[in-house]
Amino acid sequence: MNPPTLEPIAAAIAPELRELNDRILMSLSSPNDMMNGIVREYLRRKGKQIRPILVILSARLFGDKTTQKVISAAASVEMLHNASLIHDDVVDESKLRRNEPTLNGIWDNHIAVLVGDFFTSTSLQLASATDDLRVINTIANLGRRLAMGELDQIYNARYHRLSEQAYFQTIDHKTASLFVACADMGAFAANVDNDDPRLEALRTFARNLGLCFQITDDIFDYYPRQAEIGKPTGNDLREGKVTLPLLSVLLRPDVPGRDRMLALLSKDSLSTEEIAVLTKYAIDNGGIDYSREKIQQLADAAARALDAAFDDCEARRALHNLLLHVIHRSK
């Protein structure tokens, strides 16, 4: 049986997603023709919108039928997510994302940073439109966590901080925090009380979903599938990022060749051949298998948390399918 694709999940909430994108378009409208052109291009290639889907499904878990408050919350988190991607591309000097030119690739860093700032401000306006201080606090705290995740990653790369604890702290900040914020914003927009015990279970599900998403992304970097995932193989290593597939092998002192690999990683830059050596080392010594086992453990914990707190319903089934999609996706 093939794992669920995202299309049926999105199709079930298609009217809400259309309303979401209309709201985003309206909120990004400006008197600047260049900005309007950039916004049109952004909406043309807006991606899968997994995060606003999670906001909407989280609200539905608590019985919400998708109010304007939910749409505003979902649009807010999608705007901040995209702002962070724009800024990340500037920091990483990336010219492609999902096989499309990045903003800084089309224009320059100056314009990309300003557009990212415009998206961030729009995110805060949309959160404010919910008239719920909890939603506003969530989006503000999320911005801090995303920035800390990027700083963690830069610090780990620059000072060769190789530990599984440091890796998980980084991806918790840079990725999982966004998924937890989506769950919180959906619940808050559905007017769930802070002390509702189901809220912590939903956060556990969302956090583990986010961790699964990032580890899966990190695995992609070890295979030549640029046409599907939109970034060159070995890009993380090229930027000095040691992710779980290689890290898990380097932390095993019994694996032959470890000292040579550590010596390579101590260099200021790596050649294509050296990246290929490190990639093969990770694959040949079980780094991918270890990472997939970790993903399955996290996915099982996510599913248990969701099932323990919520009765069977359409939203819970959709979240299960979203989890399966995330861990089995090919791009």
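Residues numbered from 1 in each chain as written. Predicted model: local features only at pLDDT ≥ 70, side-chain atom pairs only at ≥ 80, totals over all residues. Heavy atoms only, no water.

What to know about the overall build of the protein chain
A tally of regular secondary structure across the protein chain gives 17 helices and two strands. At 20 Å, the protein chain has a C-alpha radius of gyration in line with the 20 Å of a compact globule built from 331 residues. Along the first, second and third principal axes, the C-alpha set of the protein chain runs to 55 × 50 × 35 Å. For the protein chain, with 331 residues in total, the buried portion stands at 53%. A fraction of 75% describes how many contacts in the protein chain between residues 6 or more apart in sequence connect residues 24 or more apart. Taking the average place of the 39 positive charges on the side chains of the protein chain and the average place of its 45 negative ones, the gap between the two points comes to 1 Å. (Helix = DSSP H or I, 4+ residues; strand = E, 2+ residues; numbered from the N terminus. Rg over C-alpha atoms; globule rule 2.2 N^0.38 Å. Buried < 20%, exposed > 50% of the residue type's maximum accessible area, 1.4 Å probe, protein only. Contact = heavy atoms within 4.5 Å. Lys, Arg positive; Asp, Glu negative; His and termini not counted. Charge placed at Lys NZ, Arg CZ, Asp CG, Glu CD.)

Here's the deal with the layout of surface pockets
Space inside the second largest pocket adds up to approximately 670 Å³. Taken together, 34 residues form the lining of the second largest pocket, with Gln153, Ala157, Glu239, Gly240 and Lys241 sitting closest to its centre. Among the secondary structure elements, those contributing two or more residues to the lining of the second largest pocket are helix H5 (68-92), helix H8 (133-158), helix H9 (164-189), helix H10 (197-220), helix H12 (235-238) and helix H14 (258-265). When residues of the lining of the second largest pocket are assigned to their parent elements, the largest contribution, six residues, is made by H8. The residue inventory of the lining of the second largest pocket, partitioned by class, reads 13 nonpolar, 10 polar and 11 charged. (1 Å grid on protein atoms, 1.4 Å probe; cavity = no way out; pocket = protein on both sides within 12 Å on 5 of 7 lines; lining within 4 Å. Points joined across faces, edges and corners; volume = space filled by probe spheres on them. Nonpolar A, V, L, I, M, F, W, Y, C, P; charged D, E, K, R; others polar.)

Here we look at helix H17 (residues 314-328)
With 15 residues, H17 ought to run about 21 Å at 1.5 Å a step, and its terminal C-alpha atoms sit 21 Å apart, in line with that. Considered for burial, the residues of H17 that qualify are Ala315, Arg316, Ala318, Leu319, His320, Leu322, Leu323, His325, Val326 and Ile327. (Expected span 1.5 Å × (residues − 1).)

Structural notes on the pattern of salt bridges
In this structure the tally under the stated criterion is 15 salt bridges. Here Asp312 ties to Arg317 by a salt bridge, and the two come within 3.0 Å at their closest N and O atoms. With a relative accessible area of 49%, Asp312 lands in the partly exposed category. Through salt bridges with shared partners, a single network forms among Asp307, Asp312, Arg316 and Arg317. (Salt bridge = Lys/Arg side-chain N within 4 Å of Asp/Glu carboxyl O.)

A look at the nonpolar core
Core analysis: the biggest nonpolar cluster contains 101 residues, and Phe119, Phe205, Ile215 and Leu246 have the highest contact counts within it. Here this core takes 14 residues from H9, the largest share from any one element. Not counting the four nearest positions on each side in its chain, Leu246 is found in contact with Tyr222, Leu237, Leu265, Leu278, Tyr281 and Ala282. (Core = buried A, V, L, I, M, F, W, Y, C linked by side-chain atoms within 4.5 Å.)

So, helix H4 (residues 50-61)
Relative to the 16 Å expected for 12 residues at 1.5 Å per residue, H4 spans 16 Å between its end C-alpha atoms, a close match to the ideal helical length. The buried fraction of H4 amounts to 11 of the 12 residues, a majority that puts the element mostly inside the structure. Taken together, the buried positions of H4 are Ile50, Arg51, Pro52, Ile53, Leu54, Val55, Ile56, Leu57, Ser58, Ala59 and Leu61. Where H4 ends, the next residue or the one after it, Gly63, has phi of about 90 degrees, a positive value.

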